[in-house]
Amino acid sequence: MKTSDRIRRLEELTLNTSPAIHQSFYDGWVLRASGTETRRANSVTVLQPSLLPLDEKIAWTEGWYRTHGQPAVFRLAEQCSPPELDQLLEQRGYSHEVVTDVMTCDLAEGIPPGDYSLPADAKIIERSEAEGLDDVHRMRAISPEQHLLDVRRQALWKGPQLYLTLKTAHGTASTGMARIEDGHLGIFNMRTASKARDKGYATVLVAYLLAWGLEQGAKTAFLQVDQSNDPAHAIYRKFGFVPQYSYWHRVQKTAAGA
């Protein structure tokens, strides 16, 4: 499989396992809006080459996002996006924000050896979807409005999933969840409380999520992580995750910010 085809497949898996409230397909682009903070659920993903003029497509896309009360946001990967698209967005005043790495690991050999035992003061609890979202939303300190929208968005997923929370005597220390599609395990919503960092909690949680994926027959795991998040990269490398490609965001300048 060519690199560009493999990337498009990973993009499809990411979109499917992280649904959006509103979605539209337009000449090889996938437009998504949810009103939440999750960027992949509120942006344009370029999957196929364009047949229509790019200026025309950008204008139509901006109108679509106005209808949904959001600025237009593009997620651009070098291997899938024409370079002139990024240039046109820059000329239109779009800011360049947040470079993200997509990482994968092969689960054929199982989880790499390591000490993934729970600390004496910790326990891992399987949560319902509602409980798991409450946990991660408290850690993110999102608004009640965004909480309700994300609950609505996540309910669109109907496949296998697992929400986990690691707790200590001091409360919720770390959270994470995983979903499976077509033998691929996607890891999402990894969060660790600021006072609980550097204690190995997130490492243990990832090990539990990968073990569940193996039990479900997953062959490959994937995730997205901000390129600047060195602590998260260090955790994922322990399990054999390697970057496959990166994407960046172009965000439309709103009238208030013009």
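These numbers come from a predicted model, not from an experiment. (Residues numbered from 1 in each chain as written. Predicted model: local features only at pLDDT ≥ 70, side-chain atom pairs only at ≥ 80, totals over all residues. Heavy atoms only, no water.)

A separate point is the sheet that holds strand S8 (residues 171-181). The 11 strands lie next to each other as S1-S2-S3-S4-S11-S5-S10-S9-S8-S7-S6, forming an open sheet whose pairing is mixed. The open sheet has two edge strands with one neighbour each: strand S1 (22-26) and strand S6 (123-127). On average, each strand axis in the sheet is tilted by 25° relative to the strand beside it, whichever way the strands run. Bridging between strand S5 (residues 95-106) and strand S10 (residues 220-226) involves 7 bridges; their strand directions are antiparallel. (Pairing = 2+ DSSP bridges. Helix = DSSP H or I, 4+ residues; strand = E, 2+ residues; numbered from the N terminus. Axes fitted to C-alpha atoms, helices over the stretch in contact; angles between N-to-C directions.)

Time to look at the nonpolar core. Ranked by internal contacts, the top residues of the largest apolar core, which has 34 residues, are Leu185, Ile187, Leu210, Tyr236 and Phe241. A total of 9 residues in this core trace back to one element, the largest contributor, which is helix H6 (residues 201-215). Residues in contact with leucine 210, not counting those within four places in the same chain, are Leu107, Ile111, Leu185, Ile187, Ala221, Phe239 and Phe241. If you look at the next biggest cluster of nonpolar residues, it comprises 18 residues, including Leu31, Ala72, Phe74 and Leu76. (Core = buried A, V, L, I, M, F, W, Y, C linked by side-chain atoms within 4.5 Å. Buried < 20%, exposed > 50% of the residue type's maximum accessible area, 1.4 Å probe, protein only. Contact = heavy atoms within 4.5 Å.)

This paragraph deals with the packing of helix H2 (residues 54-67) against helix H3 (residues 83-91). Between H2 and H3, whose axes approach to 11 Å, the crossing angle comes to 55°. As the angle between them shows, H2 and H3 are arranged oblique. Taken as a pair, H2 and H3 cross one another with a handedness that is right-handed. Judged by residue contacts, Leu54, Asp55 and Ile58 of H2 engage Glu84, Leu85, Leu88 and Leu89 from H3. A class-by-class count of the residues in the contact of H2 with H3 yields 5 nonpolar, no polar and 2 charged. (Parallel < 35°, antiparallel > 145°, perpendicular 65-115°, else oblique. Left-handed = near helix turned anticlockwise from the far one by under 90°. Nonpolar A, V, L, I, M, F, W, Y, C, P; charged D, E, K, R; others polar.)

The element strand S2 (residues 29-33) is extensively covered by neighbouring structure, given that 5 of its 5 residues are classed as buried. Judged by which residues are buried, S2 turns out to be covered on both faces: Trp29, Leu31 and Ala33 on one side and Val30 and Arg32 on the other are all buried. Alignment of S1 against S2, held across 5 bridges, turns out to be antiparallel. In the sheet register, serine 24 faces S2, and the bridge partner there is leucine 31. A loop of 2 residues connects S1 with S2, the two strands running antiparallel in sequence, and aspartate 27 in this loop sits at a positive phi of about 50°. Where S2 lies against strand S3 (residues 44-46), 3 bridges are found, and the strand directions are antiparallel. Of the residues in S3, the one forming a bridge with tryptophan 29 is valine 46.

Across all of its chains, the model carries 15 salt bridges by this definition. With its nearest N and O atoms 2.8 Å apart, the salt bridge here joins aspartate 135 to arginine 127. The exposure class assigned to aspartate 135 is buried, which follows from its relative accessible area of 1%. Residues participating in the shared-partner salt-bridge network are Arg127, Glu131, Asp135 and Arg138. (Salt bridge = Lys/Arg side-chain N within 4 Å of Asp/Glu carboxyl O.)

Let's shift gears to the packing of aromatic side chains. Aromatic rings in a pair are described by how distant their centres are and how their planes are angled relative to each other. This structure, assessed with the given rule, holds 7 aromatic pairs. Measuring from centroid to centroid gives 4.9 Å for tryptophan 64 and tyrosine 65, while their planes differ by 80°, and the two rings are edge-to-face. Pair check on accessibility: tryptophan 64 and tyrosine 65 agree, each one buried. An angle of 65° between the planes, with centres 5.8 Å apart, marks the rings of tyrosine 236 and phenylalanine 241 as edge-to-face. By relative accessible area, tyrosine 236 is classed as buried at 8%. Pairwise contacts between aromatic rings join Trp29, Phe74 and Tyr94 into one cluster. Here the basic side chain of lysine 57 rests over the ring of tyrosine 26, its NZ or CZ set 5.9 Å away from the ring centre. The cationic tip of arginine 75 hangs over the ring face of tyrosine 247; the distance from NZ or CZ to the ring centre is 4.4 Å. (Phe/Tyr/Trp six-rings, centres within 6.5 Å; stacked < 30°, edge-to-face > 60°. Lys NZ or Arg CZ within 6 Å of the ring centre and 35° of its normal.)

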